[in-house]
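Report on the structure
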Number of protein chains: 2
Amino acid sequence: MANPPLYRACDRAVSEYAMLRDGDAVLIGASGGKDSTALAGYLSSLLKRRGGPGFRLEALHVRTEFESRAEASVPGEKLGADSFRRIGGLFSAWGIPLHVADVSVLDRLKPGRKMSCWWCSTQRRTELNNFALKHGFNKIALGHHLDDILETLLMNAFGKGELSTMPPVLHYEKYPVCVIRPLCFCDTEMIIRHTKAGGYSSSVCTCAYQDNSFRKEARKKLAALTCGSYREKLMLFESLRNIKNGYLP
Amino acid sequence: MANPPLYRACDRAVSEYAMLRDGDAVLIGASGGKDSTALAGYLSSLLKRRGGPGFRLEALHVRTEFESRAEASVPGEKLGADSFRRIGGLFSAWGIPLHVADVSVLDRLKPGRKMSCWWCSTQRRTELNNFALKHGFNKIALGHHLDDILETLLMNAFGKGELSTMPPVLHYEKYPVCVIRPLCFCDTEMIIRHTKAGGYSSSVCTCAYQDNSFRKEARKKLAALTCGSYREKLMLFESLRNIKNGYLP
């Protein structure tokens, strides 16, 4: 069977950014959502397609107290059980060991501070980093995709007056771990088509603290700017790799 | 009387980009349109406000065979007479010598090539450069403004996959002349308000060869992206001055 479009786009990212080498130990940040699940499916397929010694591939699901509250099938059931159960079967079929770490992001909040998506994701990222360092992983694979990257670009431009975003490869200065984003050439539509074809659903964060107004605004801006066209999104991404310093303010 | 907003925005550009020094010889590219006319008004006022030896200030109007055809008051009248006449009085009142160069952009077209806005503007720019070099000007002041700069950014990103635009200051590699764009912090709305208050009209190019579809598309994209907000346009411009190379693809 031919490679699905999502795998071709990921192959391009892995190759152009030299994301993976034989001997790497890769930890997937598995949120339970469609993006990181599609990423896990891709990395498992890549490992099988690649000859040679390959790389070590495992995943960590950082479970917070907010997880899947709306989806818990039994009232009072341990929060988050659903999300983990849903992806557990898939990861097992793909041969990817799936670990779980329980974190209470509310407990970690300093007195007087407001709970936010930013705080929650920072805490989950910290947990992911610590787990990677403790267990000898040198790469953390995240499910951020083309739309996420371009939305963050617009959020940073209009919010901070800064040209920056989440790069496909990020080397931490302080840690011997690097972040890779193999979905950087995949947009939401491509991922939805892929996960629907694979028959797995998506999870939506349902905590009561969400205030995504900045991201929602950026999403609208991106849609208006590109009319949702994949080709236009790719061109915008490409322009960020092709900066003419002499022809900028 | 307080400085009008347009002059304050121009003052900021001249200061932040160190656009003008005492002893400079500045040639304004005077198209006859509102932008370069507002620019001339500003530079003349700046010269008066500045103490010291100041700078030499003159202007060149490059007249093509297409100019003001629709506005010629007498059928068959020499094309372009109107445009020149319209700004002549203003420039004279501002104490800016206004020169005219007649150029037939059609005659210069190589056989088989199509006439375009790009070709016309290239020819007019060449004429401006030659005049500046011949008459000892070291700076060419152009009327491109914030919207022009951001539209060009979007045209280059989506058309060429390149992050570039018209910078506020551009040093030519081959010539001892540099281009300055003191209107870089002024948007169209600010300029229209300013020229209306000054009582001078705007001219529109009416040649039959126009195919501005790319620029029109970029104009739409910019409007969708910023909702026409001056603050958002400034933030986008600012982000181009604040590029975080480690956080880009």
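Since the model is a prediction, treat every value here as computed from it, not as a measurement.

**Observations regarding the overall build of chain A**
- Each helix and strand counted, chain A has eight helices and six strands in total.
- Its helices and strands taken in sequence order, chain A reads α-β-α-β-α-β-α-β-α-β-β-α-α-α from the N to the C terminus.
- Summarising its shape, the C-alpha atoms of chain A cover approximately 60 × 50 × 40 Å along the three principal directions.
- Per-residue burial over chain A gives 51% buried out of 249 residues.
- Considering only intrachain contacts with a sequence separation of at least 6, the fraction spanning at least 24 residues in chain A is 75%.

**A word on the packing of aromatic side chains**
- The tally for this structure, following the rule as stated, stands at 14 aromatic pairs over all chains.
- On the basis of an interplanar angle of 25 degrees and a centroid distance of 6.4 Å, the ring pair of Phe131(B) and Phe137(B) is categorised as stacked. Here Phe131(B) and Phe137(B) have matching classes, each one buried.
- Summarising the aromatic geometry, the rings of Tyr172(B) and Tyr175(B) are spaced 5.8 Å apart at their centres and angled 80 degrees between planes, so their arrangement reads as edge-to-face.
- Counting every residue linked through ring pairs, the aromatic cluster contains Tyr17(A), Phe185(A) and Phe237(A).
- Sitting above the plane of the Phe137(A) ring, Arg56(A) keeps its charged end 4.1 Å from the centroid.

**Regarding helix 1 (residues 5-16) of chain B**
Residue and element names in this part refer to chain B.
- In a regular helix each residue adds 1.5 Å, so 12 residues correspond to 16 Å; helix 1 covers 17 Å between its end C-alpha atoms and thus fits that length.
- Where helix 1 is concerned, the buried positions are Leu6, Tyr7, Ala9, Cys10, Ala13 and Val14. Projected onto a plane normal to the axis of helix 1, the buried residues spread over an arc of 160 degrees and lie on a single side.
- Structurally, helix 1 contributes buried residues whose contacts are with helix 2 (34-49), helix 6 (188-198) and helix 8 (230-240).
- Backbone geometry just after helix 1 places Ala18 at a positive phi near 40 degrees.

**Considerations on the sheet that holds strand 4 (residues 139-141) of chain A**
Residues and elements named next belong to chain A.
- The six strands are arranged 3-2-1-4-6-5 in an open sheet whose pairing can be described as mixed. Lying at the two open borders of the sheet, with one neighbouring strand each, are strand 3 (98-102) and strand 5 (169-171). Between one strand axis and the next, the sheet turns through 25 degrees on average, direction left out of account.
- Of the pairings in the sheet, the one linking strand 5 to strand 6 (residues 178-180) comprises three bridges and is antiparallel in character. What sits directly across from Val169, in strand 6, is Ile180.

**Topic: the nonpolar core**
- Counting residues in hydrophobic clusters, the biggest one holds 108 residues, and the most contacted among them are Leu43(A) and Leu43(B).
- Excluding residues that lie within four positions of it along the chain, Leu43(A) makes contacts with Leu20(A), Val26(A), Ile28(A), Phe55(A), Leu57(A) and Ala141(A).

**Some remarks on the sheet that holds strand 5 (residues 169-171) of chain B**
Residues and elements named next belong to chain B.
- In space, the six strands of this open sheet follow the order 3-2-1-4-6-5, with mixed pairing throughout. On the outer flanks of this sheet lie strand 3 (98-102) and strand 5, each paired with one strand and no other. Neighbour-to-neighbour, the strand axes of this sheet turn through a mean angle of 25 degrees, independent of strand direction.
- Where strand 1 (residues 25-29) and strand 2 (residues 56-63) come together, five bridges link them in parallel fashion. Bridging across to strand 2, Ile28 finds its partner in Ala59.

Cut-offs applied
- Residues numbered from 1 in each chain as written.
- Chains lettered and ligands numbered in written order.
- Predicted model: local features only at pLDDT ≥ 70, side-chain atom pairs only at ≥ 80, totals over all residues.
- Heavy atoms only, no water.
- Helix = DSSP H or I, 4+ residues; strand = E, 2+ residues; numbered from the N terminus.
- Buried < 20%, exposed > 50% of the residue type's maximum accessible area, 1.4 Å probe, protein only.
- Contact = heavy atoms within 4.5 Å.
- Phe/Tyr/Trp six-rings, centres within 6.5 Å; stacked < 30°, edge-to-face > 60°.
- Lys NZ or Arg CZ within 6 Å of the ring centre and 35° of its normal.
- Expected span 1.5 Å × (residues − 1).
- Arc of directions from axis to C-beta.
- Pairing = 2+ DSSP bridges.
- Axes fitted to C-alpha atoms, helices over the stretch in contact; angles between N-to-C directions.
- Core = buried A, V, L, I, M, F, W, Y, C linked by side-chain atoms within 4.5 Å.

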